[in-house]
Amino acid sequence: MDHTVVERELELRLILSPERSIPVPARLSYRCDDPYAIHIAFHINSEHPVNWTFARELLVEGVFRPCGQGDVRVWPTKAEGRSVVLVGLSSPDGDALLEAPAAQVSAWLERTLRVVPPGTEGGQLGIDDALDHLLAR
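Note that the coordinates shown come from a computational prediction; the quantities given were computed from them, not determined experimentally.

Enquirer: Explain empty space enclosed by the protein to me, using residue names and the numbers behind them.
Expert: Counting across every chain of the model gives one cavity of 30 Å³ or more. Counted as a void, the largest cavity has a volume near 100 Å³. Lining the largest cavity, in full, are Leu10, Leu12, Leu28, Ile40, Phe42, Phe54, Leu59, Val85, Val87, Leu98, Ala100 and Val105. Of all the elements in the fold, those that place two or more residues in the lining of the largest cavity are β1 (5-17), β3 (37-42), β7 (82-91) and β8 (94-101). A breakdown of the residues in the lining of the largest cavity according to their chemical character gives 12 nonpolar, no polar and no charged.

Enquirer: Account for the pattern of salt bridges, with residues named and values stated.
Expert: Evaluation of the coordinates by the stated rule reveals six salt bridges. Notably, a salt bridge pairs Arg27 with Glu9, separated by 2.7 Å at the nearest N-O pair. Taken together, the positions of Arg27 in strand β2 (residues 20-31) and Glu9 in strand β1 put the pair 18 residues apart, joining distant regions of the chain. Judged by its relative accessible area of 29%, Arg27 is partly exposed. With its nearest N and O atoms 3.8 Å apart, the salt bridge here joins Glu11 to Arg13. Taken together, the salt bridges that share partners define one network made up of Arg31, Asp33 and Asp34.

Enquirer: Could you give an account of the layout of surface pockets, naming the residues involved and the relevant values?
Expert: Taken as a whole, the largest pocket spans an internal volume of roughly 310 Å³. At the level of secondary structure, the elements contributing two or more residues to the lining of the largest pocket comprise β4 (50-55), β7 and β8. By residue number, the principal contributor to the lining of the largest pocket is β8, which donates four residues. Among the residues forming the lining of the largest pocket, the class breakdown is nine nonpolar, three polar and two charged. When its volume is computed, the second largest pocket comes out at roughly 240 Å³. Looking at the second largest pocket, it is lined by 13 residues, and the ones nearest its centre are Ile15, Ser17, Pro18, Ser21 and Glu99. Counting only elements with at least two residues in the lining of the second largest pocket, the list comes to β1, β2, β7 and β8.

Enquirer: Run through the sheet that holds strand β6 (residues 72-79), naming residues and quoting values.
Expert: With antiparallel pairing, eight strands are arranged side by side in an open sheet as β4-β3-β2-β1-β8-β7-β6-β5. This sheet does not close on itself; its edge strands, each paired only once, are β4 and β5 (67-69). Geometrically, the sheet is characterised by an average inter-axis angle of 35° between neighbouring strands, direction not taken into account. Running at roughly 150° to β1, helix α2 (residues 102-115) makes contact with β1, β2, β3, β7 and β8 of the sheet.

Enquirer: An account of the environment of Asp95 is needed here, citing residue identities and associated values.
Expert: You can see Asp95 is positioned in strand β8. On the accessibility criterion, Asp95 (64% relative accessible area) is exposed. For the pair formed by Asp95 and Asp71, sequence separation is 24 residues and the distance between their alpha carbons is 8.9 Å. For Asp95, the contacting residues outside a window of four places in its chain are Leu89 and Ser90.

Enquirer: Can you lay out the pairing of β8 for me, pointing to particular residues and giving the numbers?
Expert: In this structure, β1 lies alongside β8, joined through two bridges in antiparallel fashion. Residue pairing across strands places Arg13 opposite Glu99, the latter belonging to β8. One ladder, built from eight bridges, connects β7 with β8; its direction is antiparallel. Directly across from Leu86, in β8, lies its bridge partner Glu99. Taking the residues that link successive antiparallel strands as the turn, the β7-β8 hairpin has two residues.

Cut-offs and rules
Residues numbered from 1 in each chain as written. Predicted model: local features only at pLDDT ≥ 70, side-chain atom pairs only at ≥ 80, totals over all residues. Heavy atoms only, no water. 1 Å grid on protein atoms, 1.4 Å probe; cavity = no way out; pocket = protein on both sides within 12 Å on 5 of 7 lines; lining within 4 Å. Points joined across faces, edges and corners; volume = space filled by probe spheres on them. Helix = DSSP H or I, 4+ residues; strand = E, 2+ residues; numbered from the N terminus. Nonpolar A, V, L, I, M, F, W, Y, C, P; charged D, E, K, R; others polar. Salt bridge = Lys/Arg side-chain N within 4 Å of Asp/Glu carboxyl O. Buried < 20%, exposed > 50% of the residue type's maximum accessible area, 1.4 Å probe, protein only. Pairing = 2+ DSSP bridges. Axes fitted to C-alpha atoms, helices over the stretch in contact; angles between N-to-C directions. Contact = heavy atoms within 4.5 Å.

Here is the structure:
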């Protein structure tokens, strides 16, 4: 089984108000053994990063148009003339609005889509092989 990992370190901006934001180092991760999900680790001033996992499809769509509801929402916009992707996160601990550079997110997503094209995610899970093994007994 292929265990390819596609990662990208980048700096996001945590939007505190329309006039104020702070940098948040983050790591985007995509693993072929978890082909439907993307993982984001936010490196804040704590012993361990804050991790979020959500559907790759949500981020792919959110680069082009607003999508998502509930805990994760993603939409494209412009900030100071730059193309950015906004990610709204909600949890029982609070809400966060993060801004990511659209070009960097898009380039990373393209790498994940080359590794596991849309529609082929199920084949990465090895379910057919596991069923064949079970039925062969």
